[in-house]
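# Structural overview
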Amino acid sequence: LTEWFPTQTGLDEEASFDIPDQATVDTIVSQMPPETRDMLVRDTNGDGIWDSAGIMMGLHKDTNQKEFIQEITHKLKSWGFYVNPLANQGDQDHEDRWVGLYSSGRVHCRMTVTGPVAMMDAISTRTYAELSIVLPIALIAVSIALFFFHRTLKVVIIVVIPLVFTVGQTFGIVGLMAYFLPKYGIQFILTPQIVLVAPMIIALGTANALYIANRY
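Being a predicted model, the structure only gives us computed values, none of them experimental.

Turning our eyes to something else, we now look at the overall build of the protein chain. Of regular secondary structure, the protein chain possesses eight helices and two strands. Out of the 216 residues in the protein chain, the part that is buried amounts to 21%. Sequence-distant contacts, at least 24 apart, represent 53% of the contacts inside the protein chain between residues at least 6 apart. Taken as a whole, the protein chain presents about 15800 Å² of accessible surface, with 62% of it coming from carbon and sulfur.

Structural data, given as structure tokens:
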């Protein structure tokens, strides 16, 4: 933590960052109300030993939250403590693999970055990955359906080309906003609501393009 929050940031320059001795820790913990203590530490397996804890950080309003989360995640990965909550079954960072390592005693500590900022960043990353797969499939499916019902490539071209340009322009603007807004202290996250624009454009654009093709 001293790498991220040096004493020059306003903390007491004479304060010690060493972990206190066990007696001091026990004294402080014993003075905490149970409801407060339960928000910080938990005994998840009922063996009388606290095995889970939360480390809370408050971010300054001018902090680039995305870069900060990425830095913490990178450090945890380099230390070998990171657990990826979005990993698929069989991946190196999947929860089941870590449970096995933890049970066998080979790993004594594992960490997951969580909270609103981390979760929104994870949702944004996963949403973009899914969009890059679903969008081409949707355009191909629309093209096949159009050709099947109209038996001419002319209709496919009239419908698909405007759709491709429209989707490209829309997400091009979204990409520019995601790049430039953080430079001015404005956080921008690719949410599922923004991604819904793509299927809406495909649905409405196909209907309008078919009307134009059939009318003119």
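In a soluble, globular protein the nonpolar side chains are often hidden away together inside. In this structure, Leu 131, Leu 135, Leu 146, Val 159, Leu 163 and Ile 202 are the most contacted members of the largest nonpolar core, which totals 20 residues. Among the elements of the structure, α5 (116-150), α6 (153-180) and α8 (197-215) are those that each provide at least two residues to this core. Counting residues per element, this core draws most heavily on α6, which supplies eight residues. With residues up to four places along the chain from it excluded, the contact list for Leu 131 reads Pro 136, Phe 171, Val 195 and Ala 198. Among the nonpolar cores identified, the runner-up in size contains six residues, and Phe 68, Ile 69, Ile 72 and Val 113 belong to it.

Below, the discussion takes up the confidence of the model for the protein chain. A residue-level look at the protein chain finds 77% of positions with pLDDT of 70 or above and a mean pLDDT of 76. Confidence, read as mean pLDDT per element, is least for helix α4 (residues 95-103) in the protein chain (67) and greatest for α6 (86). Between residues 1-11, whose pLDDT stays under 50, and residues either more than four places distant or in other chains, the model counts 16 contacts.

With that settled, the discussion passes to α8. Here α8 is 19 residues long and its end C-alpha atoms lie 26 Å apart, about the 27 Å a rise of 1.5 Å per residue gives. Those residues of α8 lying buried are Ala 198, Ile 201, Ile 202, Thr 206 and Ala 209. Down the axis of α8, the sector holding all buried residues measures 125 degrees, keeping them to one side. Exposed positions of α8 whose direction lies more than 90 degrees from the buried face are Met 200, Leu 204, Asn 208, Tyr 211, Asn 214 and Arg 215. If you follow the buried residues of α8, they end up packed against α5, α6 and α7 (192-195).

Calculation notes
Residues numbered from 1 in each chain as written. Predicted model: local features only at pLDDT ≥ 70, side-chain atom pairs only at ≥ 80, totals over all residues. Heavy atoms only, no water. Helix = DSSP H or I, 4+ residues; strand = E, 2+ residues; numbered from the N terminus. Buried < 20%, exposed > 50% of the residue type's maximum accessible area, 1.4 Å probe, protein only. Contact = heavy atoms within 4.5 Å. Areas by Shrake-Rupley, 256 points an atom, 1.4 Å probe, with all protein chains shown as cover. Core = buried A, V, L, I, M, F, W, Y, C linked by side-chain atoms within 4.5 Å. pLDDT = per-residue confidence, 0-100. Expected span 1.5 Å × (residues − 1). Arc of directions from axis to C-beta.

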